[in-house]
Amino acid sequence: MHFVKNLLILAACVLSALPMSASANNASRNQEIAERFAKCDTNQDGKLTRDEAKGCMPRIFSHFDYIDSSKKGYLTVAEIQAVADN
């Protein structure tokens, strides 16, 4: 009986840690995106143009039109993070 109780407690701990781990991964990835975005946003206006993305964020450049669904001609860090989160 004691073994089963310990096993259930261990399983609960492992399962409760899973969402936090995924959340931590998202936070880490979003931080990396923000840092990369800041380096690529050469004029520091908070907007990443296609030209800024071209040499600095090639995957973003490749999917620029998809991410820029409203056709503004630039991306924000929040837009890139939102796509990465999905």
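About the cut-offs
- Residues numbered from 1 in each chain as written.
- Predicted model: local features only at pLDDT ≥ 70, side-chain atom pairs only at ≥ 80, totals over all residues.
- Heavy atoms only, no water.
- Helix = DSSP H or I, 4+ residues; strand = E, 2+ residues; numbered from the N terminus.
- Buried < 20%, exposed > 50% of the residue type's maximum accessible area, 1.4 Å probe, protein only.
- Salt bridge = Lys/Arg side-chain N within 4 Å of Asp/Glu carboxyl O.

Colleague: Looking at this structure, I do not really get unusual backbone geometry. What am I missing?
Modeller: Where the residue is not glycine, phi is negative for most of them; where a peptide bond is considered, it is trans in most cases. For Q44, which is not a glycine, the phi torsion comes out positive at approximately 55°. Position of Q44 relative to the elements: it lies in the loop between helix 1 (2-40) and strand 1 (48-49). Its relative accessible area of 54% is what places Q44 among the exposed residues. The backbone of K71 shows a phi angle near 60°, a positive value even though the residue is not glycine. Note on placement: K71 falls in the loop between helix 4 (64-67) and strand 2 (74-75). With a relative accessible area of 55%, K71 lands in the exposed category.

Colleague: Explain the pattern of salt bridges here, please?
Modeller: When the charged atoms of two side chains with opposite charge come close together, those side chains can pair. According to the stated counting rule, one finds four salt bridges in the structure shown. The salt bridge involving D85 is made with R29; its shortest N-O contact spans 2.3 Å. One end of the pair, D85, is in helix 5 (residues 77-85); the other, R29, is in helix 1, with 56 residues separating them in the sequence. Residue D68 is joined to K72 by a salt bridge in which the shortest nitrogen-to-oxygen separation is 3.4 Å. Given a relative accessible area of 32%, K72 falls into the partly exposed group. Each of D68, K72 and E79 takes part in salt bridges that share partners, so that together they form one network.

These values are about where atoms sit, not about what they do.
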